[in-house]
Amino acid sequence: MNIVFMGTPDFAVGCLRKLHEDGHNITGVFTQPDKPKGRSQTLTPPPVKEEAMKLGLTVYQPNSMRDGTAMKILEELNPDLIAVVAFGKILPKEILDFPKYGCINVHGSLLPKYRGAAPIQWSVINGDEETGVTTMFMDEGIDTGDMLMVSKTPIGINETAGEVFDRLGEMGAELLSQTVKAAEKGELVRTPQDNEKSTYVSILTKKMCPINWNDSALKVHNLVRGLQPWPVATCNFKGKTLKIHVTHLSDKSGKAPGEIIQDGTRVFVSCGDGKCVELIEVQLEGKKRMSAEEFFRGHPVKTGDILN
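Now for a description of the structure that goes with this document.

The rules behind these values
Residues numbered from 1 in each chain as written. Predicted model: local features only at pLDDT ≥ 70, side-chain atom pairs only at ≥ 80, totals over all residues. Heavy atoms only, no water. Axes fitted to C-alpha atoms, helices over the stretch in contact; angles between N-to-C directions. Helix = DSSP H or I, 4+ residues; strand = E, 2+ residues; numbered from the N terminus. Parallel < 35°, antiparallel > 145°, perpendicular 65-115°, else oblique. Left-handed = near helix turned anticlockwise from the far one by under 90°. Contact = heavy atoms within 4.5 Å. Nonpolar A, V, L, I, M, F, W, Y, C, P; charged D, E, K, R; others polar. Salt bridge = Lys/Arg side-chain N within 4 Å of Asp/Glu carboxyl O. Buried < 20%, exposed > 50% of the residue type's maximum accessible area, 1.4 Å probe, protein only. Pairing = 2+ DSSP bridges. Phe/Tyr/Trp six-rings, centres within 6.5 Å; stacked < 30°, edge-to-face > 60°. Lys NZ or Arg CZ within 6 Å of the ring centre and 35° of its normal.

Okay, the packing of helix α1 (residues 10-21) against helix α2 (residues 47-54) next. Running from N to C, α1 and α2 cross one another at 25 degrees; their axes reach a closest spacing of 8 Å. For the element pair α1 / α2, the angle class is roughly parallel. Considering only the axes of α1 and α2, their crossing is right-handed. Contact residues: Asp10, Ala12, Val13, Leu16 and Arg17 in α1; Pro47, Val48, Glu51 and Ala52 in α2. By residue class, the composition of the contact of α1 with α2 is six nonpolar, no polar and three charged.

Written as structure tokens, this is what we have:
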């Protein structure tokens with residue numbers, strides 16, 4: 001099948017690779033323009049562009065999908081299907097209606113739950129025990145199209161959003177492969193989404209990072225997991241920002257929210273429900289990430305000290 005692929009971040013790379021491995025003719029790859037990165041602001045290509053170049057595929061990076069430029073390219077490429085995975089741009093109706101088999105999207109949630117941005121991270125922040133990927137036909141709404149196939153997976157109590165993200169990327173590639181094969185055979189079954197059960201989630205921002213120790217231990221733990229690897233949960237330690245990379249739930253009882261409980265080389269923090277989280281990996285501003293045991297060996301604390 002002749003396929004145009006549209007995607008940008010790491011999550012989409014496995015999907016592009018899988019379609020190529022399946023033997024489809026990837027006539028073109030659309031991705032976001034290169035962006036400045038790091039302190040030097042070096043112009044850096046998105047992961048999908050890097051993968052496409054490795055595979056010898058033609059890459060297109062239009063600034064807009066609505067000014068007619070992209071449509072003109074698609075008319076020349078004449079794809080049977082457009083596969084869209086975390087592309088980051090809204091497609092106009094003329095593009096959605098153009099390919100014979102439509103535009104098929106891979107979304108990192110169990111739709112209609114978590115439409116919109118950062119669905120994987122929010123599933124962890126909200127403490128969900130299960131998540132998955134959904135393929136769907138795209139329409140003009142935001143993740144509102146008819147569902148096609150679903151693949152589910154449990155979320156471990158200590159799993160980070162980054163770990164779930166990587167697993168769903170692999171699952172999404174396999175599910176897209178199955179969906180495209182079913183489309184070729186005319187075997188796809190469309191299931192309309194129940195809009196009454198839909199939820200929308202927003203992008204992550206650094207405003208979410210500060211931990212509120214008045215929250216329950218479980219809520220604090222889920223925030224730490226959900227903001228890993230970016231933008232990372234934080235607290236105030238002796239006037240400096242301390243990033244909290246990894247925590248574990250504890251059976252210890254605490255007192256005041258934010259109060260430190262030291263037990264040998266282990267450090268626990270009391271939360272609003274009287275339960276504690278154990279600090280496992282931390283990072284002081286301007287320093288490297290390290291185990292909490294190593295950090296507090298060099299920055300002594302005692303039971304009763306308070307984290308803000």
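Following the structure, the description resumes.
Considering all chains together, one arrives at 13 salt bridges under this definition. Between Asp128 and Lys113 there is a salt bridge, with its nearest N and O atoms 3.3 Å apart. Taken together, the positions of Asp128 in the loop between α5 (119-125) and β9 (130-137) and Lys113 in the loop between β7 (103-107) and β8 (115-116) put the pair 15 residues apart, joining distant regions of the chain. With relative accessibility at 36%, the residue Lys113 sits in the partly exposed group. Residues Asp305 and Lys302 are paired through a salt bridge, measuring 3.3 Å at the closest nitrogen-oxygen approach. Ionic contacts of the salt-bridge type, sharing partners, join the residues Lys18, Asp22 and Glu174 into one network.

If you walk across this open sheet you meet the seven strands as β5-β2-β1-β6-β7-β9-β10, and the pairing is mixed. The open sheet has two edge strands, β5 (59-60) and β10 (147-154), and neither has a second partner. Set on the sheet, helix α3 (residues 69-77) makes contact with β1 (2-7), β2 (25-30), β5 and β6 (81-85); between it and β2 the angle comes to about 170 degrees.

Regular strands show a simple pattern: their side chains alternate between the two faces of the sheet. Among the five residues that make up strand β15 (residues 266-270), four are buried, leaving the element largely enclosed by the rest of the structure. Direction of pairing for strand β14 (residues 260-263) relative to β15: antiparallel, over a ladder of four bridges. Pairing of Ile261 across the sheet is with Phe268, part of β15. Once β14 ends, the chain turns through two residues before running back antiparallel as β15, passing Gly264 with a positive phi of about 65 degrees. Bridge count between β15 and strand β16 (residues 275-284): three bridges; the pairing is antiparallel. Residue Ser270 lies in a different strand from β16, and its bridge partner there is Cys276.

Within the secondary structure, Asn63 sits in the loop between β5 and α3. Spatially, the C-alpha atom of Asn63 lies 7.5 Å from that of Gln32, the residues being 31 residues apart in sequence. What Asn63 contacts, discounting residues up to four positions off in sequence, is Pro33 and Lys89.

In total, this model carries five aromatic pairs according to the counting rule given. Taken together, the ring pairs connect Phe237, Phe295 and Phe296 into an aromatic cluster. Here the guanidinium or amino end of Lys252 rests over the ring plane of Phe268, the centre of that ring lying 5.2 Å away.

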